[in-house]
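Observations on chain architecture
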Amino acid sequence: MAFILNIDTAVTTASVCIAENDQPLKTIVSRVQKESAAWLHPAIKQILEETGITMQQLDAIAVSCGPGSYTGLRVGMAATKGMAYALQKPMVLISTLQMMAMAATGKVEGLLCPMIDARRAEIFTAIYNQELNEVVAPCNLIVESNPFLSLLNEKVITFFGNGCGKLQPVLQHQNARFEKIEATAEHLCSLSFKAYAQKMFADIAYAEPVYGKVFFTPPEKISR
């Protein structure tokens, strides 16, 4: 038996979930993404109290590591690193896109294409089959008409996530589906337990979020 604390601050919601093995016990969600830094630690304290599990009883701490919100990723990663180091517990990193695909498995048809808004005309995306095997590796995509055309000619693809609103107006194909699917830390549970069981742990000192693209600070905002 393993108790795993799962954390997500990468998508439009922030959430925490405690799981026993791969089964979620309790989930708390915040729908105000910009408040993740202030919300996260009180939410972790609350979920531990409500489940009666202590920090010392945790066997691992998992976090969705991106791509996603730059600030959100930093908040989640910093909190996970701090707790894992202080408690001497293993840290597990899970792709945010894979977490989103997990939320869609069995609920929609065809291939799964989670999309995260990357600002401007860009999105972070990947394509998975229903078993969560990669069909198209995670990538940055500039929105244009009919991406993934060769796949769409062969199979249904369901697009979802806060980035698919950019694609829907320009993608016209009979095999394209667009759905609203919410992913939370609860959808990390089976993924993080599998990684835990296989001892796929991150190095606390060197682990970094997957930002998806280089973060750019305009020169006029750099302190001199």
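One structure accompanies this document, and this report is about it. Everything quoted here is computed from the prediction, not taken from an experiment. (Residues numbered from 1 in each chain as written. Predicted model: local features only at pLDDT ≥ 70, side-chain atom pairs only at ≥ 80, totals over all residues. Heavy atoms only, no water.)

**Considering the nonpolar core**
To keep things clear, this is the line we draw: Buried Ala, Val, Leu, Ile, Met, Phe, Trp, Tyr and Cys residues that are joined via side-chain atoms within 4.5 Å together make up what is termed a nonpolar core. Exposure categories follow from relative accessible area, calculated using a 1.4 Å probe and restricted to protein chains: below 20% of the type maximum is buried, above 50% is exposed, and the middle band is partly exposed. Working definition: helices are DSSP H or I runs of at least four residues, strands are E runs of at least two. Numbering for both runs from the N terminus. Here, residues are in contact when the closest pair of their heavy atoms is within 4.5 Å.
Formed by 30 residues in total, the largest nonpolar core has its most connected members in M100 and L112. When residues of this core are traced back to their parent elements, those giving at least two are β2 (14–20), β4 (60–64), β5 (91–94), α3 (96–104), β6 (111–117), β7 (122–128) and α6 (189–197). The element best represented in this core is α3, accounting for six residues. Beyond its immediate chain neighbours, meaning those up to four positions away, L112 contacts A101, A104, T105, A126, I127, Y128, N129, Q130, L132, T158 and F160. In this structure, A14, L40, I47 and V63 belong to the second largest nonpolar core, which totals 20 residues.

**Some details on the packing of helix α1 (residues 36–51) against helix α2 (residues 70–87)**
Counted only if it meets this: The axes used here are C-alpha line fits, helices contributing only the stretch in contact, and every angle between their N-to-C directions lies in the interval 0 to 180 degrees. Handedness of each helix crossing follows the sense of rotation of the near helix against the far helix: counterclockwise by less than a right angle gives left-handed, clockwise gives right-handed.
Interaxial distance between α1 and α2 falls to 10 Å at its minimum, and their mutual angle equals 35°. Of the two elements, α1 crosses α2, and the hand of that crossing is right-handed. Contacts between α1 and α2 involve S36, A37, L40, H41 and I44 from the first element and V75, G76, A79 and M83 from the second.

**A word on the environment of S95**
Mapped onto the elements, S95 comes out in the loop between β5 and α3. Along the primary structure S95 and A2 are separated by 93 residues, whereas in three dimensions their C-alpha atoms are 21 Å apart. Apart from residues lying up to four places away in sequence, S95 is in contact with C65, G66 and Y128.

**Side note on the environment of I157**
Take I157: it is sitting in strand β9 (residues 157–160). Expressed as a C-alpha distance, the spacing of I157 and Q174, which sit 17 residues apart in the sequence, is 9.8 Å. If we skip the residues at most four places from it in the chain, I157 touches L111, C113, I127, F148, L151, L152, N175, A176 and R177.

**Observations concerning α3**
Condition: Throughout this description, a polar contact denotes any pair of N or O atoms lying within 3.5 Å of each other; where both atoms belong to protein, one of them has to be capable of donating a hydrogen while the other can accept it, and for residues adjacent in sequence the pair is counted only when both atoms sit in side chains.
Burial of α3 is extensive: seven of the nine residues sit out of reach of the surface. For α3, the full list of buried residues reads T96, L97, M99, M100, A101, A103 and A104. Where α3 starts, the residue carrying a side-chain oxygen 3.2 Å from the main-chain nitrogen of L97 turns out to be S95. With its phi angle positive at about 75°, G106 sits one or two positions after the end of α3.

**Brief notes about the sheet that holds β9**
Formally: The pairing criterion for strands is at least two bridges between them, as found by DSSP.
Strand order in this open sheet of five strands is β8-β7-β6-β9-β10, and the pairing throughout is mixed. The open sheet has two free edges, formed respectively by β8 (134–142) and β10 (176–178), since each of these has just one partner strand. For this sheet, the mean angle separating the axes of adjacent strands, direction not counted, is 20°. Pairing of β6 with β9, which is carried by four bridges, proceeds in the parallel orientation. Looking at the pairing, L111 lines up with I157 of β9. Strands in contact with α3 are β6, β7, β8 and β9; relative to β6, the strand with the most contacts, it is inclined by about 130°.

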